[in-house]
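Listed below are the residues making up each chain.
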Amino acid sequence: MLSIVNSCNLIGIDGFIVNVEVDITRGMPCFNIVGLASIEIKEAKERVKSAIINSGFEFPAKRIVVNLSPADIKKEGSLLDLPISIGLLINYIQKEKSYFDETIFVGELSLDGSLKKVRGILPIVLSAKQKGYKRIFIPHENLKESSYVDGIEIIPVKNLRECINYINGKIALDLSSMLYKNTSIQEEKYEEDFGDVKGNYFVKRGLEIAAAGNHNVMLIGPPGSGKTMMARRIKTIMPDLDKDEMMEISKIYSIAGLINNNIGIINKRPFRAPHHSATNVSLIGGGAKAIPGEIVLAHRGVLFLDEIAEFNKKTLEMLRQPIEDGEINLSRLKFYVKYPCNILIIAAMNPCPCGYFMSNIECKCTEYEMTRYRNKVSGPLLDRFDIFLDVVPIEFGEFKDNNFTETSKTIKNRVQEAKNIQRKRFENSDIKNNNEIKSYQINKYCKLDEDASKIAKKIFTKYNLSNRSYTKLLKTARTIADLDLCKDINKNHLLEAFSYRKGYYKYFK
Ligand SMILES: Nc1ncnc2c1ncn2[C@@H]1O[C@H](COP(=O)(O)OP(=O)(O)OP(=O)(O)O)[C@@H](O)[C@H]1O
Ligand SMILES: [Mg+2]
Ligand SMILES: [Zn+2]
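Residues numbered from 1 in each chain as written. Chains lettered and ligands numbered in written order. Predicted model: local features only at pLDDT ≥ 70, side-chain atom pairs only at ≥ 80, totals over all residues. Heavy atoms only, no water.

An unreviewed UniProt entry lists the protein under the name YifB family Mg chelatase-like AAA ATPase, with Intestinibacter bartlettii given as the organism. Quoted verbatim from the Sequence similarities (unreviewed entry) heading of the UniProt record, the comment on the protein is "Belongs to the Mg-chelatase subunits D/I family. ComM subfamily." (UniProt positions renumbered as here; feature names shortened; annotations may be inferred.)

The structure is reproduced here in C-alpha cells:
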C-alpha cells in the first residue's frame, strides 16, 4: 500500500516541498529510507520506530520503503519524522487522499512520541502557504513563531497521538494562534539614549546620516573618547522596519533558532556586536548545518565591529564580498545555501596601538607598529566605508555643560523622514536605501545642482577619487539632501558628505 504525505524543508531562507512516499508491502519485515544521508536515515528510523510504539500504535511488521523526493536536494532529516510516521500509520487515519494533498506535516519526534521544536518554522509555514496548501501541522512549541502568517491553517500539536486524534476528529485543539495574529507590535524601549552624549556633534551627525541611508561608518579616536558609547546608541535611531523586512529578519532568526521573545517575531532592527575574538563560523556562518552567522543575523540592521583592528585579518577579509553583494553563499556538503546580509557596518578603532596618535597625548608607537596595526584593516575593506568619523574627546567644559542635547527620539524622527523619502524613491525597485544605488543609477537618483556639480568636479580631480569613492560620496550626499528634505543635492550637502572622508585622509593616507 502506497501513501504520500507532504512535508517541507529549507534551502537558505526559503522552503521547498518534500514528498514522503511510504510503501508498505508484505514480505520480510524491514524499514528502508531512501533520499537522506546515511547517518540521518539511521537516526530517523530509530526515532520514528520508538515514537510510534511508545505512542501506543503498532509498528507495521512488513516490508517498508520510504522515499523522500526530490531526491537531488539535501534534506533536513529530523523535520521529516512526523510525515514519515503519519505515512506509516495511515491505516489509523480516517481521511481521504485529498486531505493529505492539502496538508503539510513537519516535526521532529522524541522517542516517547512528543514533538520537539524545530528551527526555521516561519519560512516553512510561509512557503507552505505560498504553495497553496490549506493546513500545516507543526510542533506546539513553534506556535508563536509562525502565528504571524495568515492564509493557512496552522495546527500546533504536542505529540504524535494528539496529531492523529485531531485528524480523526476525536479531539479539538486550542488553535489560539489566532490570538497572536492580532497582537500589535510594540515598540522596543532602550536604556541608552543619544541624550546622554555630550558634545561630539560631528560624530552624532555622522551616525544620523549612517542610520538614514545605511552608510557604513568607521569611528577612529583615542581610548575613552566615546566611540563605543556612541556606536551602541545607533540602534536607538534606526528607522522602523516595514512588514516585509520584519518577515525577512524573522525568517533568519527562525532558522537560527533565535526567536525566543514573547511575541514570536523580530520587530526591531538587529544590532549585533560580535567580540573581536569571534571565529569565522560565528561571524560568517557555516558548520554542518550552514547556520547563519553574525553578518546574516544583522540583516537589515547593524553589525558593530568594535576594535576592528583586533579582529583576525582573514576573517575581516571574508566580510568584503558579502558586504558588497548584500548576500552570502555558505557551502553545505554538496551544495550552497544563500542568505541575505544587507547590513550597516559600524566599526571602531584606535588610530594606533597605544591609541594616542594625533591626539593631545604623545603617541609612543614606532613606525613599524603603526604600519602593522593599520594594515590589519586592508585598503579594499576601508573602501567599503562611506563615513569616517574622527572622534575627539570632549573638553572638561563640555562635560559639565548642561545644555540640552538632542534625544534619540528627535534624531530618529529625522531619520524616519529621510527613510520615508527613500521608500518612495525606490518603490518599484529592489533596493531600499541610498547606499544600495548602483553606479549606473547615480545620474538618475543623485542629481547635483549647478554649484554642486562644479564642486564635485574639483573634488574629483584634486583628490583623485576612484569611481567607487566618488559614487559613495554622491550617495552620502543624497542622504544628507534627504535629511534636509531637498530634491536635488546642493553644495552644502556635497561638502558635508566630503567632510566625512577627511578622517580617512588623516589616518589612512
Ligand atoms: N561625549 C561624551 N558624553 C558623555 N560621556 C562620555 C562622552 N565620551 C565619553 N564618555 C564617557 O567615557 C566612557 C568611555 O567611553 P567609550 O568606552 O565609549 O570610549 P572608547 O572611545 O570606546 O574607548 P576605547 O578606545 O578605550 O574603547 C563612556 O562610558 C562615558 O561614560
Ligand atoms: Mg571602545
Ligand atoms: Zn600610538
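Okay, back to it.
Let us look at the site of ligand 1. Looking at ligand 1, there are 16 residues lining it, with Lys-198, Gly-224, Lys-227, Thr-228 and Met-229 nearest. In the model, an oxygen atom of ligand 1 is placed 2.7 Å from a nitrogen or oxygen of the Gly-224 main chain. The protein chains hide 70% of the 630 Å² of surface that ligand 1 would expose on its own. Class assignment of the residues belonging to the shell around ligand 1 gives a composition of six nonpolar, six polar and four charged. (Near = heavy atom within 4 Å. Polar contact = N/O pair within 3.5 Å; in protein donor to acceptor, adjacent residues only side chain to side chain. Areas by Shrake-Rupley, 256 points an atom, 1.4 Å probe, with all protein chains shown as cover. Nonpolar A, V, L, I, M, F, W, Y, C, P; charged D, E, K, R; others polar.)

It is worth spelling out helix H2 (residues 81-88) at this point. Of all eight residues in H2, eight are buried, a share of seventy percent or more. Listed as buried for H2 are Asp-81, Leu-82, Pro-83, Ile-84, Ser-85, Ile-86, Gly-87 and Leu-88. (Buried < 20%, exposed > 50% of the residue type's maximum accessible area, 1.4 Å probe, protein only. Helix = DSSP H or I, 4+ residues; strand = E, 2+ residues; numbered from the N terminus.)

Another aspect to go through is the domain arrangement of the protein. The domain boundaries assigned to the protein delineate domain 1 (2-181) and domain 2 (194-508). Relative placement of domain 1 and domain 2: their C-alpha centres are 43 Å apart. Taken together, both faces of the contact between domain 1 and domain 2 bury some 1800 Å²; the carbon and sulfur share is 63%. Where domain 1 touches domain 2, the interface holds one salt bridge. Between Lys-251 and Asp-14 there is a salt bridge, with its nearest N and O atoms 3.5 Å apart. Inspection of the domain 1/domain 2 interface yields six residue pairs in polar contact (both at pLDDT 80 or more). At the level of elements, helix H4 (121-130) and helix H5 (143-146) are the ones that each hand at least two residues to the side of domain 1 that touches domain 2. (Domains from an automatic or database assignment. Buried area = accessible area lost by both parts, 1.4 Å probe. Salt bridge = Lys/Arg side-chain N within 4 Å of Asp/Glu carboxyl O.)

On to the coordination of the zinc ion (ligand 3), then. For the zinc ion (ligand 3), the full set of protein donor atoms is Cys-352 (SG), Cys-354 (SG), Cys-363 (SG) and Cys-365 (SG), at a range of 2.2 to 2.4 Å. Relative to the metal, the four donor atoms surrounding the zinc ion (ligand 3) lie at angles of 104 to 113°, and the coordination shape comes out tetrahedral. (Donors = N, O, S within 2.8 Å, 3.2 Å for Na, K, Ca; no water. Tetrahedral: all angles 85-135°; square planar, octahedral: opposite > 155°, others 65-115°.)

Where H4 meets helix H10 (residues 243-255), the axes come as close as 6 Å, and the angle between the chain directions of the two elements is 125°. For the element pair H4 / H10, the angle class is oblique. Contacts between H4 and H10 involve Ile-121, Leu-122, Pro-123 and Leu-126 from the former and Met-247, Ser-250, Lys-251, Ser-254 and Ile-255 from the latter. (Axes fitted to C-alpha atoms, helices over the stretch in contact; angles between N-to-C directions. Parallel < 35°, antiparallel > 145°, perpendicular 65-115°, else oblique. Contact = heavy atoms within 4.5 Å.)

With that out of the way, let us pick up the pairing of strand S18 (residues 387-390). For a regular strand, side chains alternate in direction, first toward one face of the sheet and then toward the other. Neither face of S18 is open: one carries Ile-387 and Leu-389, the other Phe-388 and Asp-390, and all of them are buried. Of the strand pairs in this sheet, strand S10 (residues 217-220) and S18 are connected by four bridges, and their pairing is parallel. Within S18, the position partnered with Ile-220 by the bridge is Asp-390. (Pairing = 2+ DSSP bridges.)

So, on to empty space enclosed by the protein. In the structure shown here, the tally under the stated rule is three cavities of 30 Å³ or more. By volume, the largest cavity is sized at about 60 Å³. Taken together, Ala-211, Asn-214, Met-238, Pro-239, Glu-245, Arg-269, Arg-300, Gly-301, Lys-419 and Asn-433 make up the full set of residues lining the largest cavity. Taken as a whole, the second largest cavity spans an internal volume of roughly 40 Å³. Taken together, Phe-385, Asp-386, Ser-469, Lys-472, Leu-473, Thr-476, Ala-497 and Arg-501 form the lining of the second largest cavity. Counting residues per element, the lining of the second largest cavity draws most heavily on helix H20 (residues 467-483), at four residues. For the lining of the second largest cavity, the class distribution of residues is three nonpolar, two polar and three charged. (1 Å grid on protein atoms, 1.4 Å probe; cavity = no way out; pocket = protein on both sides within 12 Å on 5 of 7 lines; lining within 4 Å. Points joined across faces, edges and corners; volume = space filled by probe spheres on them.)

Time to look at the packing of helix H8 (residues 201-213) against H20. Two elements in contact, H8 and H20, have axes whose closest approach is 9 Å; the angle formed by their N-to-C orientations is 95°. One element, H8, and the other, H20, form an angle in the roughly perpendicular class. Contacts from Arg-205, Glu-208, Ile-209, Ala-212 and Gly-213 of H8 reach H20 at Thr-476, Thr-479, Ile-480 and Leu-483. For the contact of H8 with H20, the per-class residue count stands at four nonpolar, three polar and two charged.

Moving on: the side chain of Gln-416. With respect to the element layout, Gln-416 can be found in helix H17 (residues 408-425). Taking relative accessible area as the criterion, Gln-416 reaches 15% and is therefore assigned buried.

Regarding helix H14 (residues 367-375), the residues found buried are Met-370, Tyr-373 and Arg-374. On an axial view of H14, the arc spanned by its buried residues comes to 95°, and they lie on one face. Seen from the buried face of H14, the exposed residues on the opposite side, beyond 90 degrees, are Tyr-368 and Arg-372. (Arc of directions from axis to C-beta.)

The subject of this paragraph is the state of the cysteines. All chains considered together, the criterion is met by zero disulfides. With no disulfide of its own, Cys-163 lies closest to Cys-8 among cysteine sulfurs, the gap being 16 Å. Of all cysteine sulfurs, the one in Cys-446 lies closest to Cys-486, which takes part in no disulfide; the gap is 14 Å. (Disulfide = S-S within 2.5 Å.)

Right, let's talk about the pattern of salt bridges for a bit. Oppositely charged side chains are able to pair whenever their charged atoms sit close together. This model, assessed by the stated rule, comprises 30 salt bridges. Among the ionic pairs, Arg-414 bridges to Glu-406, the shortest N-O distance being 2.8 Å. Linked through salt bridges whose partners overlap, the residues forming this network are Arg-205, Glu-208, Glu-406, Arg-414 and Glu-496.

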